[in-house]
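# Results of the structural survey
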Amino acid sequence: MKILGVNCVYHETSAALIIDGKVVNAVEEERFNRYKHGAEARVDNPDEIPLNSIRYCLEQGGIKAEELDAVCCSFHPGLREKEYTDDPYSLEGNWGSSEGEKTFILYKALQVDISDCFHWIPHHLAHAASTYYPSSFEKAAILVVDGIGEYSTTLLAYGKGSKIKTLKKLYFSDSLGFLWEKMSKFLGFSEYDACKVMGLAGYGNPLKYRKELSLIIKHDEKGSFSIAENVIQFRRESFDGLLSIFGSLNNDASGLTEKHKDIAAALQNITNRVMLSLANSIYEQYPCDALCIAGGVGLNCQSNWIIKEKGPYQRIYIPTAAHDAGTSMGAALYHYYNANSANGAANITSHASSKIMPHPYLGPAFSDDEIEQFLKSKNVQARKSDNLEAEAAQFIADGKIVAWFQGQMEFGPRALGNRSLLADPRNQNIREVMNTKVKHREVFRPFAPSILEEESSEWFALGKPSESLYYMLFACPVKPDKLDKIPAVIHVDNTARVQLVNQQTNPKYHQLISEFYKLTGVPIVLNTSFNDSEPIVCSPEDALATFFKTRIDVLVLGDYIIER
Ligand SMILES: [Fe+2]
């Protein structure tokens, strides 16, 4: 059974190939077209399908399009039509207006030219499938929180065996994802900068604007929250609602003030409480020991930590692509495990008995031959190393920034050691060096540590076990006696967005960190994505272009080392 999943609605466009219930590959379109988030979230472009991603998935999977048993899209136009109600704040012809919605659905409908095997999968069920089936849990609560699906914004559900059942949906304009977009812009960032707000929150006092935030979000313990309608105003630039609550903010070049930090902290604080109450309410309706989370808000590593440690669940899974890109994989998995088995198809593989997605390295890879040919064609001086990990570790210990490009690229927004920039976590100044030489990002944003799994509990309070500790999805406290040893990867609140590194899953990266451990006594490297204000590099060509336009010291491309 060969199923292609596609996400082409809104943004974070992507494709994934599922064969007999297992994830063969998955990739985001931005990695190919070099446009951040793959496509602009517009009302008139959901027919822009991720052709590069689809081509990659089929070619790498050795599948011809005509061999596909199903093609699944992670959006259901009929459901949007059914659930949609007028948004009084929307602009005519745009999202939320009658004309705009017709345009949106019409474009989607026009794209359908795949005869009998095409299926629309409701957006939030695709998110739910993207986390439940890869989790391998036999049964689990499922929490999906994002900006908007068809018209719902939050899904409370559960998985049992191969089936996903809905418990409750919340609808626009009660959208935690959109509130973060709006607040990000209000604080002077873009709508995609939730991670900057999350970083800024660590510097603020969460109590100072707690009362104001409680005017914006109201929540109960029964799995509901509501957001003041005049604050969201779907895709409108008006900040009148926020201005009436907070007064004006100075968003010019003079920089961020204590007020920005305190508002960010209050937003993070109430988000933690809302997310925890949603998770708790599923438990009350469907008690079980496991929870799966997805949707863009599932990338909030502080809320994830709170749910993991304070919630009733013993096991939590969050996929690396919790955002919309993951819905391509989820749509295909949903179809395989639900519609497919309902139709009586034989031999449905149990998602729990075999690991259907053992790791997130599901994107393009390049052989050493390909890399060698490429470097020759560009007349780049490179040397092949037979001691690659040790050499790279020495560079890092010497204070250099190493671009580390290996194997298949990661699915999801975090670089997990195959398209990463690495540096010495012991050096407080390395943050500034990294920002000056490559990343050009705000100094308040923390960098993440990658640590040998075997040593991790010595350095971080990891709390309850979770596979997602391998994916940088929790902000874990650093052990007090280690705080002064790795200043470059510790946030102002003494937490770190840690990535555990497993020897089987990523042997080369594990070996590199082991070599660094031998040299320094620290089993950790600083890991940030290999890019500079662009999508993470995908090909050797992207890697070399970023190497040349920045001041990265060393580029390791497969087995080849290029020094500046
Ligand atoms: Fe979504």
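Below, the structure is looked at part by part. Not measured: the values here are computed from a predicted model.

Scanning the protein from terminus to terminus reveals 19 helices and 22 strands. Computed over the C-alpha atoms, the radius of gyration of the protein is 23 Å, within 12% of the 24 Å expected from 2.2 N^0.38 for a compact globule of 564 residues. With the C-alpha coordinates of the protein rotated into their principal frame, the extents come out at 60 × 60 × 45 Å. For the protein, buried positions account for 61% of its 564 residues. Nonlocal contacts in the protein, meaning residues at least 24 apart in sequence, comprise 73% of its contacts between residues at least 6 apart.

Before going further, it helps to spend a moment on the sheet that holds strand β7 (residues 152–160). Picture the strands of a sheet paired through backbone hydrogen bonds; they go either parallel or antiparallel. Read across the open sheet, the five strands follow the order β8-β7-β6-β11-β12; overall the sheet is mixed. Each edge of the open sheet is held by one strand with a lone partner, namely β8 (163–171) and β12 (315–317). Here the average twist between neighbouring strands, direction ignored, is 20°. Where β7 lies against β8, eight bridges are found, and the strand directions are antiparallel. When the sheet's bridge partners are listed, Ser152 is paired in β8 with Tyr171.

This paragraph deals with the pattern of salt bridges. Under the criterion given, the structure shown has 26 salt bridges. Notably, a salt bridge pairs Asp193 with Lys196, separated by 3.4 Å at the nearest N-O pair. The residues Asp193 and Lys196 share a single accessibility class, namely buried. Connected through shared salt-bridge partners, Glu40, Arg42, Asp44 and Glu48 make up one network.

What follows deals with the coordination of the iron ion. Within the protein, the iron ion binds to His123 (NE2), His127 (NE2), Asp146 (OD) and Asp324 (OD); these donor distances fall in the range 2.0 to 2.3 Å. Relative to the metal, the four donor atoms surrounding the iron ion lie at angles of 90 to 165°, and the coordination shape comes out irregular. Read from N- to C-terminus, the donor residues coordinating the iron ion fall into the pattern H-x3-H-x18-D-x177-D. With His123 in helix α5 (residues 123–135) and Asp324 in the loop between β12 and α13 (326–342), this pair connects stretches of sequence that are 201 residues apart. Looking at His123, the relative accessible area reads 0%, which means it is buried. Asp324 sits in the buried class, given a relative accessible area of 7%.

Another point: the pairing of strand β15 (residues 419–423). With respect to burial, β15 is a largely interior element, five of its five residues being buried. Residues of β15 alternate between two faces, with Arg419, Leu421 and Ala423 on one and Ser420 and Leu422 on the opposite face, all of them buried. Sheet topology places strand β14 (residues 402–405) next to β15; four bridges connect them, and they run antiparallel. Bridging across to β15, Phe405 finds its partner in Arg419. Sheet topology places β15 next to strand β20 (residues 524–529); four bridges connect them, and they run antiparallel. The residue bridging Leu422 from the neighbouring strand is Asn527, located in β20.

Cut-offs used in this document
Residues numbered from 1 in each chain as written. Predicted model: local features only at pLDDT ≥ 70, side-chain atom pairs only at ≥ 80, totals over all residues. Heavy atoms only, no water. Helix = DSSP H or I, 4+ residues; strand = E, 2+ residues; numbered from the N terminus. Rg over C-alpha atoms; globule rule 2.2 N^0.38 Å. Buried < 20%, exposed > 50% of the residue type's maximum accessible area, 1.4 Å probe, protein only. Contact = heavy atoms within 4.5 Å. Pairing = 2+ DSSP bridges. Axes fitted to C-alpha atoms, helices over the stretch in contact; angles between N-to-C directions. Salt bridge = Lys/Arg side-chain N within 4 Å of Asp/Glu carboxyl O. Donors = N, O, S within 2.8 Å, 3.2 Å for Na, K, Ca; no water. Tetrahedral: all angles 85-135°; square planar, octahedral: opposite > 155°, others 65-115°.

Everything listed is a geometric property; what it means functionally is a separate question.
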